[in-house]
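So you can see what is in the structure, the chains are spelled out below.
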Amino acid sequence: MLYSLLSGRFSDIIITVIAAAVGFAGTFLTLAKPPRFLPRDGGKFIVDKDGNRQAINEKSNGKVTGAGLVFVIIFLLCALLFLPFSVETLIYLVLGFLMMLTGYLDDTASNPWGELVKGILDLVLSVSTVVVFLVFNSSTVHFFGMTFNMPVVVYAILGTMLIWASINVTNCTDGVDGLSGTVATVELFTMFLLFREAMAEKSGLSLILAFVLMAYLAYNWYPSTVLMGDAGSRTVGYMIALICMLSGHPFIFLLVSLVFIFDGGLGLLKLAVKRVFKISFLDKIRFPFHDELRKNKGWSVYKIVIFFTIWEIIDCVIAAVIIHMI
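Residue indices follow the written sequence of each chain, beginning from 1 at its first position. With pLDDT at 70 or above as the cut-off, local features in this predicted model cover only qualifying residues; side-chain atom pairs require 80 or more to be listed or tallied, and sums for whole chains, interfaces and linings still use all residues. To obtain the side-chain values, all non-hydrogen atoms of the structure were used and water was disregarded.

Some points on the confidence of the model for the chain
1) Next: Summary of the metric used: pLDDT quantifies the predictor's per-residue confidence within the range 0 to 100. Across the chain, the average pLDDT comes to 91, with 94% of residues at 70 or higher.
2) Next: For the purposes of this entry, the term helix denotes a DSSP run of H or I that reaches at least four residues, the term strand denotes a run of E that reaches at least two, and both are numbered from the N terminus. Considering each helix and strand of the chain separately, the mean pLDDT is smallest for strand β1 (residues 45-47), with a value of 41, and largest for helix α8 (residues 204-220), with 98.
3) Next: Should any heavy atoms of two residues lie within 4.5 Å, those residues are considered in contact. Note on residues 45-58: pLDDT under 50 across the span, and 18 contacts to partners over four residues away in sequence or across chains.

What follows is the structure in structure tokens.
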């Protein structure tokens, strides 16, 4: 790997920055003229009570989607080539590829996969990731100044829930040009700065992914020309959860991903409560919440993205204060 060739001349941080720059350039140049095999978005529709399809996001119709295939593969290659090699990291990269692949196959399917199929795939990959993590790492957790060893079974259950939730809330938030990518970029930069020493050779995962997302955003800011699709959003959510676990601060996810949890997660909670308990919950509010702001409140795309980005920056600042002062 290139790391072994460069490590004698450059420090690890310089090599990580080189990897991030290569990832940025590769993504930017590739998406300038998206590969022809990438699918086209068909718009988003709902079916009314009479069985008629009604467009709810016709502006995305015809745009190149599945761009996550491009930037995820570039991210994985840069991580494989420039980060110190370990069996653990290699397995995570393979699992990340499988997560991207499941999303891409759903993006390209003539009939989108059902919730059950995607839920089972998410569960399998989440459990596999937690098992690999516990094979190579302890279940020691840092939480608001406290450090304790969580029972392995408890960690396995909570870790699986963390990864599954992160995949789905990130995916649900990806509905407005530039929103999911911008929030994720801020979050990944923050985690790199906060946990660079704690994560050691794996810290480059967050910086490289942040840079490829920045390159993607050059084409995804409103009005967008490409969409990441499930191939991108699901993998980004997966990596965010994994990085939180690798940092030793898994509970920090509740703060640094608060935007994703609020925007996408409340919609999932609303749906779960209605299906399981047959109770209307937050019935007058549209979710993901960006749809409430855009369609019911009349907010522009720019205003929505700026609002949630500022919110994310505030959350990250609070997280940094907590990590360094408690």
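Having seen it, we continue.
Brief notes about the packing of aromatic side chains
1) Next: Two aromatic rings, drawn from Phe, Tyr or Trp (for Trp, its six-membered ring), form a pair once their centres lie within 6.5 Å of each other, and the interplanar angle then sorts them: stacked below 30 degrees, edge-to-face above 60, tilted otherwise. Considering all chains together, one arrives at 15 aromatic pairs under this definition.
2) Next: Centroid distance Phe 287 to Phe 289: 6.2 Å. Interplanar angle 45°. Geometry classified as tilted.
3) Next: Type-normalised accessible area, obtained with a 1.4 Å probe on protein chains alone, sets the label of each residue: buried when under 20%, exposed when over 50%, and partly exposed for intermediate values. By relative accessible area, Phe 287 is classed as buried at 17%.
4) Next: Where Trp 299 meets Phe 307, the ring centres are 5.4 Å apart and the plane angle is 90°; that geometry is what we call edge-to-face.

A closer look at the side chain of Arg 234
1) Next: Positionally, Arg 234 belongs in helix α9 (residues 229-247).
2) Next: By relative accessible area, Arg 234 is classed as buried at 3%.
3) Next: Pairs of N or O atoms within 3.5 Å make up the polar contacts considered here, provided that, within protein, one atom can donate a hydrogen while the other can accept it, and that residues adjacent in sequence are counted only when both atoms are side-chain atoms. Reaching out from Arg 234, the side chain makes a polar contact with the side chain of Thr 102 at a distance of 3.0 Å.

Quick notes on the nonpolar core
1) Next: Only buried residues count toward a nonpolar core, which is a set of Ala, Val, Leu, Ile, Met, Phe, Trp, Tyr and Cys residues joined through side-chain atoms within 4.5 Å. Judged by nonpolar contacts, the single largest core of 83 residues is most densely connected at Leu 213, Tyr 216 and Tyr 238.
2) Next: Per-element accounting of this core gives the leading share, 11 residues, to α9.
3) Next: Setting aside residues no more than four positions away along its own chain, Leu 213 makes contact with Phe 71, Gly 181, Ala 184, Thr 185, Leu 188, Met 228 and Val 236.

Quick look at unusual backbone geometry
1) Next: Residue Pro 223 is reached from Tyr 222 by a cis peptide bond, and omega for that bond is -5°.
2) Next: Secondary-structure assignment places Pro 223 in the loop between α8 and α9.
3) Next: Of note, the amide linkage connecting Phe 287 to Pro 288 takes the cis form, showing an omega dihedral of -5°.
4) Next: Position of Pro 288 relative to the elements: it lies in the loop between α11 (258-277) and α12 (289-296).
5) Next: Positive phi, normally seen in glycine, also occurs at Ala 200, with a value near 50°.
6) Next: Tracing the chain through its elements places Ala 200 in the loop between α7 (179-199) and α8.
7) Next: Despite not being glycine, Lys 278 shows a phi value in the positive range, around 60°.
8) Next: Inspection of the secondary structure assignment puts Lys 278 in the loop between α11 and α12.

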